[in-house]
Amino acid sequence: MTIKNKPAIYYSLLVHEEWEIYMAATAKGLCYIGSLGKSFEELSGWVEKRFNGSSLIHDDEKLRPYAEELKEYFQGTREEFTGPVDYRGTPFQQAVWEALCKIPYGQTWSYSDIANQIQKPEAVRAVGAAIGANPVLITVPCHRVIGKNGQLTGYRGGLDMKTQLLNLERGNLSRDMKY
């Protein structure tokens, strides 16, 4: 269902243990993962800005494959996401988001590392802005980006969420290590 060539946006609320996150998808793929514990208004405001005029339709079934992958991630049994994504941004933003997906599970890169990865070493600030615009938290792992000095930096989901995600990944890696 579309309105004037605007795609329908399907959404669901993922509830798994302490995780409560809105997510949304178009017919092409996952387009949004919200912040931990945020209200529906965060999602609806984002849709209004990015998909103005699109219908927002609650549909748990359409989001089930993405929800299952996220649950597996939270349980420590998934390190990569395989579902299709439909993130929309400038070519520069998309290059940054693709570079984020190359950061290995449980590791962190700096903004400079991302700038170098996309062969734009002077664009560190623009990389930061593109990371901040990432619509698909967790699956496009911007939580794995830290400051050059090793400190945690801003995150759309908040620093608490970023810390939880990094701890989850590091905890799963150390649990799996063989001595």
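Residues numbered from 1 in each chain as written. Predicted model: local features only at pLDDT ≥ 70, side-chain atom pairs only at ≥ 80, totals over all residues. Heavy atoms only, no water.

A short note on helix 3 (residues 91-100)
Then, number 1: Residues of helix 3 that are buried: Gln93, Val96, Trp97, Ala99 and Leu100. Seen along its axis, helix 3 keeps its buried residues to an arc of 160 degrees; they face one direction. (Buried < 20%, exposed > 50% of the residue type's maximum accessible area, 1.4 Å probe, protein only. Helix = DSSP H or I, 4+ residues; strand = E, 2+ residues; numbered from the N terminus. Arc of directions from axis to C-beta.)

Regarding the environment of valine 140
Then, number 1: In this fold, valine 140 is placed in the loop between helix 5 (124-132) and strand 6 (145-146).
Then, number 2: As a C-alpha pair, valine 140 and phenylalanine 51 span 89 residues in sequence and 20 Å in three-dimensional space.
Then, number 3: Residue contacts for valine 140: discarding those within four places in its chain leaves Tyr87, Trp97, Leu100, Cys101 and Asn134. (Contact = heavy atoms within 4.5 Å.)

Let's talk about the sheet that holds strand 3 (residues 30-33)
Then, number 1: Taking strand neighbours across the sheet as the criterion, the four strands line up as 3-2-1-4 in an open arrangement whose pairing is mixed. Of all strands in the sheet, those with a lone pairing partner are strand 3 and strand 4 (56-58), marking the two edges. Each neighbouring strand pair of the sheet contributes to a mean axis angle of 30 degrees, computed without reference to strand direction.
Then, number 2: By the bridge criterion, seven bridges tie strand 1 (residues 9-16) to strand 2 (residues 19-25) in an arrangement that is antiparallel. Note that in strand 2 the partner of valine 15 across the bridge is glutamate 20. (Pairing = 2+ DSSP bridges. Axes fitted to C-alpha atoms, helices over the stretch in contact; angles between N-to-C directions.)

So, the domain arrangement of the protein chain
Then, number 1: Its domain assignment divides the protein chain into domain 1 (9-75) and domain 2 (91-170).
Then, number 2: Here the C-alpha centroids of domain 1 and domain 2 sit 20 Å apart.
Then, number 3: Contact residues are listed per partner, giving 15 residues for domain 1 and 14 residues for domain 2.
Then, number 4: When domain 1 packs against domain 2, the two sides together hide about 1,200 Å² of surface, and 65% of this comes from carbon and sulfur.
Then, number 5: On the domain 1 side of the interface with domain 2, the three residues burying the most area are Trp19, Ile33 and Tyr73, jointly 47% of the side's total.
Then, number 6: Where domain 1 packs against domain 2, one counts one salt bridge.
Then, number 7: With its nearest N and O atoms 3.9 Å apart, the salt bridge here joins glutamate 42 to arginine 156.
Then, number 8: The tally of links between domain 1 and domain 2 comes to five residue pairs in polar contact (both at pLDDT 80 or more).
Then, number 9: The element that contributes the greatest number of residues to the side of domain 1 that touches domain 2 is strand 3, accounting for four residues.
Then, number 10: Across the side of domain 1 that touches domain 2, the residue classes tally to 11 nonpolar, two polar and two charged. (Domains from an automatic or database assignment. Buried area = accessible area lost by both parts, 1.4 Å probe. Salt bridge = Lys/Arg side-chain N within 4 Å of Asp/Glu carboxyl O. Polar contact = N/O pair within 3.5 Å; in protein donor to acceptor, adjacent residues only side chain to side chain. Nonpolar A, V, L, I, M, F, W, Y, C, P; charged D, E, K, R; others polar.)

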